[in-house]
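Okay, here's what each chain looks like letter by letter:
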Amino acid sequence: MSDHEGGAGAAGRSADGGNDPATDGNPPVRRVSDWNADRLHDLATEHDTPLYVQDLDRVRENCERLVDAFSEADVRYAVKANTGRAVLEAVRDAGLDAECASAGELDRALAAGFAGDRLHYTAVNPPARDLDYVVGVAEAEPKLTVTVGAVDALDRLADRGYDGRICVRVNPGVGAGHHEKVRTGGAAKFGIPYGRAAQAARSAAERFDLVGIHAHAGSGIDSDQLDSHRELVARMGELARELADPGDDAPGDTDPDAPASLDLEYVDVGGGFGVPYREDAPPLDLPAVAEATREAVASLPAGVDLAIEPGRYVVADAGVLLTRVNAVKSTPDERVVGVDAGMTDLLRPAMYDAYHPILNLGGADGEPTPERRDATPVTVAGPICETGDTFCRNRALADPARGDLLAVGIAGAYGYEMANQYNSRPRPAEVALDEGIATVVRRRETLADLTTVERESERNSARDASEVDR
Ligand SMILES: *Cc1c(COP(=O)(O)O)cnc(C)c1O
């Protein structure tokens, strides 16, 4: 994992959460407290908990801010942050491309109606089955682009008869991201080492239609990491110029052995735009990041576009996870609030020690409204048999009582997407809000869903059949 996670917070220079008249109507972040609490109560009552709520209107606003800030760039949504069909369709309509990391993601993007020229597949150590699938798709959709991070993957594509659009993923040697598991720029797993990238690109151009170079440093770009972002972008700009004009070092060079100039369509500098998970963290100053990116890339060769691929930024603050308090237990050390969502529904706190804001929306019978309760340090824990199954420890919340509804904020990215069935827990339901109208887009899984694959397997279906015979 970890081509992606992270983002303890993000900081900007001037944006302050929506008081700026220029951002009215589309503030740089939607905090958990900005959601309509009555509406969330109604949704929880109607659809039960745990429940993801994903607001497509907010997804559209996020797309719009990205497209405005990076007006001259191609914006590609890294779909792994949230592959829900409703989200993909909203992003498609907002004009973004789809950046896919697996055959499954590509399949979803196709189903959501992205045209071939808006599909990008980035292979990270791709299994043969994925390559077979992608090459098959490319036959029908020849404008699809495949990004490869190893020379070996080029050979494997050529073996399958692929000679279409190729982008070379470069390991820039600089990483960003607040958690080591989420830095990719420096990890050998990702991309071709910077020093060998020009050679790899030239050799790719002999066999394929080389259209771009790509780098993704990791996740959680914030003001502290703007410098490494700048460095990455600068290196990529340099590489693009070197590929376009290999004789640049020696003006007037007519060396017949000099490599041919390569015409790229784009330089993709990746995603990793941070969102402010902490209540007191300022939102990312997107225009400032865009400006820094433009400056750092300097002048790209004529006809070469800049591209970015944000995932988290598009969906994170458009989602909340609603969960209800099952039980409250006081121990000498901690007050433990047991809720009906766990690490199987939202894995980030257990996996990355990630912080998610939590708001008590109240609702417990006979209890005062949350505003009238004391802020009390509590540990919010899920129902999974794992010590790590907590959403926070000793955090001050309006003292929760059994039956209260809690909203876990900024849960739209890598939330449902990483949900799993550990402890044989069915995955939660998800509703999408579209112009305020709620629709169930992923029904709650049932206990029967847990065993579908098993029951459909040969041995078990034979046994089930013989049990019927008896
Ligand atoms: C995960 C990923 C992204 C998006 O990262 P975010 O932090 O969600 O913006 C972009 N590009 C690549 C190649 C990725 O793997």
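Cut-offs applied
Residues numbered from 1 in each chain as written. Predicted model: local features only at pLDDT ≥ 70, side-chain atom pairs only at ≥ 80, totals over all residues. Heavy atoms only, no water. Helix = DSSP H or I, 4+ residues; strand = E, 2+ residues; numbered from the N terminus. Buried < 20%, exposed > 50% of the residue type's maximum accessible area, 1.4 Å probe, protein only. Contact = heavy atoms within 4.5 Å. Areas by Shrake-Rupley, 256 points an atom, 1.4 Å probe, with all protein chains shown as cover. Core = buried A, V, L, I, M, F, W, Y, C linked by side-chain atoms within 4.5 Å. Domains from an automatic or database assignment. UniProt positions renumbered as here; feature names shortened; annotations may be inferred. Phe/Tyr/Trp six-rings, centres within 6.5 Å; stacked < 30°, edge-to-face > 60°. Lys NZ or Arg CZ within 6 Å of the ring centre and 35° of its normal. pLDDT = per-residue confidence, 0-100. Polar contact = N/O pair within 3.5 Å; in protein donor to acceptor, adjacent residues only side chain to side chain. Pairing = 2+ DSSP bridges. Salt bridge = Lys/Arg side-chain N within 4 Å of Asp/Glu carboxyl O.

*Asks:* Any chance you could explain the overall build of the protein here in plain terms?
*Replies:* Each helix and strand in the protein was counted, giving 14 helices and 18 strands. Counting every position in the protein, which comprises 470 residues, the buried fraction comes to 54%. The long-range share in the protein, meaning contacts at least 24 apart out of those at least 6 apart in sequence, stands at 74%. Put simply, the protein shows about 20,300 Å² of open surface, and 46% of that area lies on carbon and sulfur atoms.

*Asks:* Would you take a moment to explain the nonpolar core for this structure?
*Replies:* Soluble globular proteins: nonpolar side chains tend toward being buried together. If you look at the biggest cluster of nonpolar residues, it comprises 94 residues, and the most contacted ones within it are Tyr77 and Ile166. In terms of residue count, helix H8 (residues 226-244) provides more of this core than any other element does, 7 residues in total. Mapping this core onto the domain boundaries places at least three of its residues in each of domain 1 (32-53 + 317-449) and domain 2 (56-248 + 255-315). Not counting the four nearest positions on each side in its chain, Tyr77 is found in contact with Asn82, Val87, Leu88, Val91, Leu96, Asp97, Ala98, Glu99, Pro310, Gly311, Val314 and Val315. Leu321, Ala341, Val378 and Cys392 belong to the second largest nonpolar core, which has 17 residues in total.

*Asks:* When you look at the UniProt feature "modified residue: N6-(pyridoxal phosphate)lysine" (unreviewed entry) in the protein in this model, what are you seeing that I'm missing?
*Replies:* The sites that UniProt annotates as "modified residue: N6-(pyridoxal phosphate)lysine" (unreviewed entry) are Lys80. Mapped onto the elements of the fold, Lys80 is located in the loop between strand S2 (74-78) and helix H3 (85-93). For Lys80, a relative accessible area of 19% gives the class buried.

*Asks:* Please clarify how the packing of aromatic side chains should be interpreted in this entry.
*Replies:* Here a ring pair, both rings aromatic, is described through the centre-centre distance and the interplanar angle of the planes. Tallied over the entire structure, the rule returns 3 aromatic pairs. When the ring of Tyr162 is compared with that of Phe208, the centres are 6.0 Å apart and the planes differ by 35 degrees; the resulting orientation is tilted. Taken together, the residues span a long stretch of sequence, with Tyr162 in the loop between helix H6 (151-159) and strand S6 (165-171) and Phe208 in the loop between helix H7 (194-207) and strand S8 (209-214) at a distance of 46 residues. Each member of the pair, Tyr162 as well as Phe208, carries the same accessibility label: buried. Over the aromatic face of Tyr266 sits the side chain of Arg76, whose NZ or CZ is 4.0 Å from the ring centroid. Sitting over the face of the ring of Tyr355, Arg395 holds its NZ or CZ atom 3.8 Å from the ring centroid.

*Asks:* Can you walk me through the confidence of the model for the protein in this structure?
*Replies:* Note: predicted coordinates in regions of low pLDDT should not be interpreted at a detailed level. Per-residue pLDDT for the protein averages 91, and the proportion of residues at 70 or more is 89%. Predicted confidence for residues 6-19 stays below pLDDT 50, and this span has 54 contacts to residues more than four positions away or in other chains.

*Asks:* Sorry, what's going on with the environment of Tyr52 here?
*Replies:* Mapping Tyr52 onto the fold places it in strand S1 (residues 51-55). The buried category is assigned to Tyr52, whose relative accessible area is 1%. Taking C-alpha positions, Tyr52 is 7.2 Å from Pro428, a pair spaced 376 residues apart along the chain. Only 3.3 Å separates the side chain of Tyr52 from the backbone nitrogen of Tyr416, close enough to count as a polar contact.

*Asks:* For this particular structure, what's the right way to read the pairing of S2?
*Replies:* Strand residues, when the strand is regular, have side chains that alternate between the two faces of the sheet. Counting buried positions along S2 yields 4 of 5 residues, so the element is predominantly enclosed. Examined bridge by bridge, S2 and strand S10 (residues 305-308) share 2 bridges and lie parallel to one another. Looking across to S10, one finds that Val75 is bridged to Ile308. Note: S2 against strand S3 (residues 97-100), 3 bridges, orientation parallel. Looking across to S3, one finds that Ala78 is bridged to Glu99.

*Asks:* Would you explain H3 in this entry?
*Replies:* Residues three or four positions apart in an α-helix share a direction because the helix packs 3.6 residues into each turn. Here H3 has its buried residues at Ala86, Val87, Leu88, Ala90 and Val91. Among the residues trailing H3, Gly95 stands out with phi positive, at a value near 95 degrees.

*Asks:* Explain the environment of Gly136 to me, please; I cannot follow it from the model alone.
*Replies:* Its place among the elements puts Gly136 in helix H5 (residues 128-140). By relative accessible area, which is 36% here, Gly136 ends up partly exposed. Distance in space between the C-alpha atoms of Gly136 and Tyr162 is 9.2 Å, their sequence separation being 26 residues.

*Asks:* What is the right way to look at unusual backbone geometry in this model?
*Replies:* Excluding glycine, residues mostly have negative phi values, and the peptide bonds linking residues are mostly trans. A cis amide bond links Thr49 with the next residue in sequence, Pro50, at an omega value of -10 degrees. Within the secondary structure, Pro50 is located in the loop between helix H1 (37-47) and S1. The phi dihedral of Tyr414 falls on the positive side, at around 55 degrees, and the residue is not glycine. Inspection of the secondary structure puts Tyr414 in the loop between strand S16 (405-408) and strand S17 (429-434). For Glu435, which is not glycine, the phi torsion reads 50 degrees and is therefore positive. Take Glu435: it is sitting in the loop between S17 and strand S18 (437-442). Classification of Glu435 by relative accessible area gives exposed; the value is 67%.

*Asks:* Help me understand the pattern of salt bridges in this model?
*Replies:* Between side chains of opposite charge, a pair can form as their charged atoms come close. Tallied over the entire structure, the rule returns 24 salt bridges. The salt bridge partner of Asp74 is Arg76, with a shortest N-O separation of 3.6 Å. Classification of Asp74 by relative accessible area gives partly exposed; the value is 29%. On the accessibility criterion, Arg76 (3% relative accessible area) is buried. A salt bridge links Glu334 to Arg393, with the nearest nitrogen and oxygen atoms 2.7 Å apart. Placement of the pair is Glu334 in the loop between strand S11 (319-330) and strand S12 (335-339) and Arg393 in strand S15 (residues 390-398), with a sequence separation of 59 residues. Glu334 sits in the buried class, given a relative accessible area of 16%.

*Asks:* Teacher, can you tell me more about the pairing of S11 here?
*Replies:* Bridging between S1 and S11 involves 4 bridges; their strand directions are antiparallel. The partner of Gln54 across the bridge, within S11, is Gly319. As judged from the 4 bridges shared by S11 and S16, these two strands associate in the antiparallel manner. Its bridge partner being in S16, Thr323 is matched across the sheet by Leu406. Note that S11 and S12 share 5 bridges and pair antiparallel. Across the sheet, residue Val325 finds its bridge partner in S12, namely Val339.

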